[in-house]
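Report on the structure
Listed below, chain by chain, are the residues.
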Amino acid sequence: MKLALPQHKEPRDAKDRRSKNVVVCYPLDTLPDTNLAAAVARRTEAGLLESVVVPPRAAVCVDVKAGHFVRILSIEGPQVGDLNIWNTHNIEERFYSGKTRALHGTHVSTGDSLWSNFPYMRPLANITCDTLDWYGFDEDGGSVHDVIGTRCDPYTQRLLSDEEYHNCCHSNLTRALADHFSLNLDEAEMHVHDVMNVFMLTGFTKETHQYFMKASPVRPGDFIELEAQTDITIGLSACPGGDCGDKHSSDAADCFPLQIDTYAPKNLDGFIASGPSLYNRSHGR
Ligand SMILES: [Zn+2]
């Protein structure tokens, strides 16, 4: 956070230094086309494969094959989900929230890709439908589905409150990943990463630019849907914060289950699975 009272005087040319043009770091016009219309057409023909319920304050992992769709659905009440994504065949490759944010902005929606870490850096999934796209940004600068938060975790909880709480999203995802891939908790924990905060309403305060949350506008029936761009495993935690309108990292909030539905398209016409980055990795040597 910046000091309320800076310790150093503004230079004489401060106004000039502040008046430079804003330049978008990563213009998107040269990104590969996600071909959303074709994906939506494949989705229209797709049939339900599997339906899994994520209990409150717990997480579940589900495999999604390349070209299949996965819908994350609000079912019983307003509830936020913390989403991790791995390459099913190599969990070292995982969702990279920072690069996704740098490319697509603080909050994602239909048409955006969810990218993986270096050296792979490819779309793990593309967002094909988001029933909360109407929300846009509110007057506080808040929106849904952020890639700016991390995940609620027992370490920060311990740091800030001296309490031990074991059902933070970080721990829920650790247990779910360990169970899914038969890893021990220590191994699994190292693969849990910064999340996409599904349905969560967040932003930065105008004055101090601190990360804030507000009660999620999600209601039962709302969903966000992804098309897997390679074989992925998703981990979804039903956050102990519930709608994250008040507290998280405790059992205080009303908490509801989430549902994960996977769909297989009738055919994969026009679908091209994503490949890892073509960078040669010589790093100049
Ligand atoms: Zn959480």
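In short, a report on the structure. (Residues numbered from 1 in each chain as written. Predicted model: local features only at pLDDT ≥ 70, side-chain atom pairs only at ≥ 80, totals over all residues.)

1. Overview of the overall build of the protein
Note the following rule: Strands here mean DSSP runs of E at least two residues long; helices mean DSSP runs of H or I at least four residues long; both are numbered from the N terminus. We take the radius of gyration over the C-alpha atoms and set the globule estimate at 2.2 Å times the residue count to the 0.38 power. Once C-beta atoms are placed from the backbone, each residue is buried if 20 or more other C-beta atoms lie within 10 Å of its own, exposed if 12 or fewer, and partly exposed for counts between those two. Two residues form a contact once the distance between their C-beta atoms, set from the backbone, is within 7 Å.
The helix and strand inventory of the protein stands at 6 helices and 13 strands. Taken over C-alpha atoms, the radius of gyration comes to 20 Å for the protein, in line with the 19 Å a tight globule of 285 residues would show. Overall, the protein is about 65 × 45 × 45 Å in size when its C-alpha atoms are taken along their principal axes. Classification of the 285 residues of the protein by burial places 41% in the buried group. Taking the contacts inside the protein whose residues are at least 6 apart along the sequence as the reference set, 73% of them involve residues at least 24 apart.

2. Thoughts on unusual backbone geometry
Each neighbour pair has its own omega, and for Phe118 with Pro119 the value is 5 degrees, a cis peptide bond. By the secondary structure assignment, Pro119 is in the loop between strand E6 (113-115) and strand E7 (123-130). The phi dihedral of Cys244 is positive, around 55 degrees, even though this residue is not glycine. Looking at the element boundaries, Cys244 is found in the loop between strand E12 (232-238) and strand E13 (258-264).

3. Points about the sheet that holds E7
Counted only if it meets this: For two strands to pair, DSSP has to find at least two bridges joining them. Only the stretch in contact is used when a helix axis is fitted, and all axes are lines through C-alpha atoms; the angle between N-to-C directions ranges over 0 to 180 degrees.
With antiparallel pairing, 6 strands are arranged side by side in an open sheet as E1-E13-E3-E11-E7-E6. Unpaired on one side and paired on the other, strand E1 (47-54) and E6 mark the two borders of the sheet. Averaged over all pairs of adjacent strands, the angle between their axes in this sheet comes to 25 degrees, without regard to strand direction. Summarising the sheet, strand E3 (residues 69-74) and strand E11 (residues 223-228) pair through 5 bridges and their orientation is antiparallel. Paired with Ile72 across the bridge in E11 is Ile224.

4. Focus on the pairing of E11
Counting buried positions over the 6 residues of E11 gives 6, a clear majority of the element. Of the two faces of E11, both are covered, the one formed by Phe223, Glu225 and Glu227 as well as the one formed by Ile224, Leu226 and Ala228. Here 5 bridges tie E7 to E11, and the two strands are oriented antiparallel to one another. Each residue of the ladder has a partner; that of Cys129, found in E11, is Glu225.

5. Brief notes about helix H5 (residues 169-181)
Convention followed: Expected helix span is taken as 1.5 Å per residue step, with the number of steps being one fewer than the number of residues.
With 13 residues, H5 ought to run about 18 Å at 1.5 Å a step, and its terminal C-alpha atoms sit 18 Å apart, in line with that. Looking only at H5, the buried set comprises Cys169, His170, Ser171, Asn172, Leu173, Thr174, Arg175, Ala176 and Leu177. Residues of H5 that are buried sit in contact with strand E2 (59-64), strand E4 (81-87), helix H4 (154-161), helix H6 (185-189) and E12. Just downstream of H5, Ser182 is the residue with a positive phi angle, here 50 degrees.

6. Looking at the nonpolar core
Quick note on the threshold: Here, a nonpolar core denotes buried Ala, Val, Leu, Ile, Met, Phe, Trp, Tyr and Cys residues that are linked to one another through C-beta atoms within 7 Å.
Val70, Ile72, Ile85, Ile234 and Leu236 are the most contacted members of the largest nonpolar core, which totals 57 residues. In this view, Leu236 contacts Val54, Ala59, Val60, Ile72, Gly81, Leu83, Leu258 and Ile260; residues no more than four positions away in its chain are not counted.

7. Some details on the pairing of strand E5 (residues 90-94)
Across a regular strand the side chains alternate sides, sitting on one face of the sheet and then on the other. The pairing of E4 with E5 spans 2 bridges and is antiparallel. Paired with Asn87 across the two strands is Asn90, which belongs to E5. The turn linking E4 back onto E5 is made up of 2 residues.

8. A word on the environment of His107
Its place among the elements puts His107 in the loop between helix H3 (97-104) and E6. Not counting residues up to four positions away in its chain, the partners in contact with His107 are Ser143, Val144, His145 and Asp146.

9. Comments concerning the environment of Pro55
If you trace the backbone, Pro55 turns up in the loop between E1 and E2. With 201 residues separating them in the primary sequence, Pro55 and Phe256 have C-alpha atoms 7.2 Å apart. Not counting residues within four places of it along the chain, the set of residues in contact with Pro55 comprises Ala238 and Pro257.

10. Looking at the environment of Thr100
In this fold, Thr100 is placed in helix H3. Note on Thr100: 21 C-beta atoms within 10 Å, which makes it buried. For the pair Thr100 and Ser116, spaced 16 residues apart in sequence, the C-alpha to C-alpha distance is 8.3 Å. With residues near it in sequence (within four places) discarded, Thr100 still touches Val108, Leu114, Trp115 and Val147.

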